[in-house]
Amino acid sequence: MRLSAAASILAAVPLPLVTAQLNLHAKRAGLKYFGAATDSPGQRERAGLEAAYPQYDAIMRDTDEFGQTTPTNGQKWLFSEPERGVFNFTEGDIVASLAAKNGQLLRCHTLVWHSQLAPWVEETEWTPEELSSVVVERITEVMGHYKGQCYAWDVVNEALNEDGTYRESVFYNVLGEEFLKLAFSTAAKIDPEAKLYYNDYNLEKPSAKSEGAIRIVKLLQDADIRIDGVGMQAHLVASRPPTLDQQIAVMQSYAALGVEVALTELDVRVEVPANETSLQQQAEAYKNSVGACVQVPACVGVTIWDFYDPFSWVPYTFPGEGAALLWFDDFTKHPAYDAAIEAMKNKTGSHPCKSKRQTIQNRRSNKLY
């Protein structure tokens, strides 16, 4: 979106005056955090946009705005183990150091995923014994390096098809569903304090895929292997988002298993250039997603997948779509920013208040850890 277009749209959409900020309101609403993922300076979507860094960095380090962050890319297999047994923590350390310096929680992402794999993982013909050794070595080295720094780890990412069956990744094709048990059991040994999550997209409403996620949680629990959370990526489309009730229902279905839930990669894309209608749809979508998290005691927090539109992955993956985050190119805020705060301020509906949320979280902690 050009800056002039953003300005004209903002002029057309009434914005309520809001003085407080996202993480501040999240904590007041009983959440653990409201955060934003971020990437390495100069890399990928951030390359060539260095002039924006000072203003971007000032927002990113404001802990009233963001109490948590996630490395969008630096801890993925492609970047952290580009050659077998050769580990590179440079990019992951950038964001981990930022979180430590700012006093922000760090969600770590991700250990086992079919995408953004180092080529050697996909190109080798593995025996089950060999691939098991590779998975264990990776988790041991990467989690060991960040031990004590991560509030949570996305241990396995996107293992499901839309119909709830297992994705035919190199891990599933060689090891079957045992790769899930191997990954989580190894992770539990390496960092006993980190929360261990299964993370996926299109888990934001009841569906065959959400049932698949439930099956994964039960698979691990039945094997007496620790899993602490389900991460709902929440990469949404403004014109067809899940409803508030759908999101509450699916969060409750995960919570019924005794695990926590979180919105881990929230963004809401629109067709570009954005217009008044699409920005209003986007605001409603953000409001419902954040509002659902606030209303379900098991939901601990919200992470948006970066906060500044030019740094978003969306335009590169979905041509013709973008403007998915909460800050425009010129650092003015989307109407969705105020909608998210409204959801946290209002906590609409007759759902548990903060005190009951904390009681349930404490009970769950005593049960599982």
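A. Structural view of the pairing of strand β9 (residues 299-304). In terms of burial, β9 is largely enclosed, as six of its six residues are buried. As paired strands, strand β8 (residues 260-271) and β9 are joined by three bridges and run parallel to one another. Bridging across to β9, Leu266 finds its partner in Ile304. Taken together, β8, helix α12 (residues 276-295) and β9 constitute a β-α-β crossover, and its handedness is right-handed.

B. Inspection of the packing of helix α9 (residues 178-190) against helix α10 (residues 208-222) at higher detail. Packing of α9 against α10 brings their axes to within 10 Å, and their N-to-C directions diverge by 65 degrees. Relative to α10, the crossing made by α9 is right-handed. Residues Leu180, Lys181 and Phe184 of α9 lie in contact with α10, whose contacting residues are Ile216, Leu219 and Leu220.

C. View of the state of the cysteines. Applying the stated criterion to the full structure yields two disulfides. Disulfide pairing places Cys108 opposite Cys150 at an S-S distance of 2.0 Å. Residues Cys108 and Cys150 are joined through a disulfide that is left-handed, its torsion about the S-S bond being -75 degrees. With a gap of 42 residues between them, Cys108 in strand β3 (residues 105-113) and Cys150 in the loop between α7 (128-146) and β4 (152-157) connect regions that are remote in the sequence. A single burial state applies to Cys108 and to Cys150, both of which are buried. When the cysteines engaged in disulfides are numbered in sequence order, the protein pairs them as 1-2, 3-4.

D. Just helix α5 (residues 90-102), in detail. Its 13 residues give α5 an end-to-end C-alpha distance of 19 Å, which sits within 8% of 18 Å, the value for a rise of 1.5 Å per residue. Among the residues of α5, Glu91, Gly92, Val95, Ala96, Ala99 and Asn102 are the ones counted as buried. Here the buried residues of α5 occupy an arc of 135 degrees about the axis, which is enough to place them on one side. Set apart from the buried face of α5 by more than 90 degrees, the exposed residues are Thr90, Ala100 and Lys101. The inward-facing, buried residues of α5 contact α3 (53-60), β2 (68-69), α4 (77-80), β3 and α7. The positive-phi residue at the C-terminal boundary of α5 is Gly103, with phi of around 75 degrees.

Conventions and cut-offs
- Residues numbered from 1 in each chain as written.
- Predicted model: local features only at pLDDT ≥ 70, side-chain atom pairs only at ≥ 80, totals over all residues.
- Heavy atoms only, no water.
- Buried < 20%, exposed > 50% of the residue type's maximum accessible area, 1.4 Å probe, protein only.
- Helix = DSSP H or I, 4+ residues; strand = E, 2+ residues; numbered from the N terminus.
- Pairing = 2+ DSSP bridges.
- Right-handed = clockwise from strand over helix to strand, strands pointing away.
- Axes fitted to C-alpha atoms, helices over the stretch in contact; angles between N-to-C directions.
- Left-handed = near helix turned anticlockwise from the far one by under 90°.
- Contact = heavy atoms within 4.5 Å.
- Disulfide = S-S within 2.5 Å.
- Expected span 1.5 Å × (residues − 1).
- Arc of directions from axis to C-beta.

No statement about biological role is implied by the geometric values presented.
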